[in-house]
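Results of the structural survey
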Amino acid sequence: MMKNRRSRRSPVLLAATVEVLGRPVPVKLRNLSEEGALVEGDRLPLEGSTTYFERNELRLKGRVVWVQGRYAGVAFNEALKPEQVLRNVPTPKPRPQVDFKRPGLACRPLSDYERRMVEQWLTAPAFDSPGQ
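1. Overview of the nonpolar core
In this structure, V27, L29, L32, V39, F53 and F76 are the most contacted members of the largest nonpolar core, which totals 20 residues. Of the residues forming this core, the biggest block, 5 residues, is contributed by strand 1 (residues 10–20). Not counting residues within four places of it along the chain, the set of residues in contact with V39 comprises V18, V27, K28, L29, L44, F53, R70, Y71, A72 and V74.

Below you can see the structure in the form of structure tokens.
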């Protein structure tokens, strides 16, 4: 699924910053590749703006190549090395294997009191008097 893409994108949801004219704008990093990033935010810079993309120790000069609503694409001036991309993309957490089975019919043994109650219930007449 790399239609017209030069490098693989890694989907993430991480905090990052896009700095324009010395003003940092907090954004959510949605995906990261060697050539750029997809960011989401409220106050995104204009298309064509020169920017610095920051995430942890990573700081890259780039340019906003498109803006659509709350999303923007940032192209880096210099490509990241694959190991730099991987360093900034956390490894996925293993998903627990859930075994959907019906609970068994086995249960704990009845106490003496519970056993007497069941015996009384089973041996009690269905009706104590007519009309019940």
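So that's the structure; there's more coming.
2. What to know about the pattern of salt bridges
In the structure shown here, the tally under the stated rule is 6 salt bridges. By sharing partners, the salt bridges in this structure join R30, E40, D42 and R70 into a single network.

3. So, unusual backbone geometry
Phi at L21 takes a positive value of approximately 50°, unusual for a residue other than glycine. Taking the relative accessible area as the measure of exposure, L21 reaches 84% and is therefore exposed. Even without being glycine, N56 reaches a positive phi, approximately 50°. Within the element layout of this structure, N56 appears in the loop between strand 4 (50–55) and strand 5 (58–68).

4. Topic: the packing of aromatic side chains
The tally for this structure, following the rule as stated, stands at 1 aromatic pair. Plain terms: the ring middles of F53 and F76 are 5.6 Å apart, the flat faces sit at 45° to each other, and that makes the pair tilted. Placement of F53 in strand 4 and of F76 in strand 6 (residues 71–76) is noted, with a sequence separation of 23 residues between them. The class of F76 is buried, set by a relative accessible area of 9%. A cation over an aromatic ring shows up here: R59 above the ring of Y52, its NZ or CZ 4.1 Å from the ring centre.

5. Describing the pairing of strand 4
Regular strands place side chains that alternate from one sheet face to the opposite one. Here strand 4 shows one buried face, formed by T51, F53 and R55, and one open face, formed by T50, Y52 and E54. Where strand 4 lies against strand 5, 6 bridges are found, and the strand directions are antiparallel. Within strand 5, the residue paired with T50 across the bridge is R63. The loop that links strand 4 with its antiparallel partner strand 5 comprises 2 residues; one of these, N56, has a positive phi angle of about 50°.

How each quantity is defined
- Residues numbered from 1 in each chain as written.
- Predicted model: local features only at pLDDT ≥ 70, side-chain atom pairs only at ≥ 80, totals over all residues.
- Heavy atoms only, no water.
- Core = buried A, V, L, I, M, F, W, Y, C linked by side-chain atoms within 4.5 Å.
- Buried < 20%, exposed > 50% of the residue type's maximum accessible area, 1.4 Å probe, protein only.
- Helix = DSSP H or I, 4+ residues; strand = E, 2+ residues; numbered from the N terminus.
- Contact = heavy atoms within 4.5 Å.
- Salt bridge = Lys/Arg side-chain N within 4 Å of Asp/Glu carboxyl O.
- Phe/Tyr/Trp six-rings, centres within 6.5 Å; stacked < 30°, edge-to-face > 60°.
- Lys NZ or Arg CZ within 6 Å of the ring centre and 35° of its normal.
- Pairing = 2+ DSSP bridges.

Spatial relationships are all this shows, so hold off on functional conclusions.
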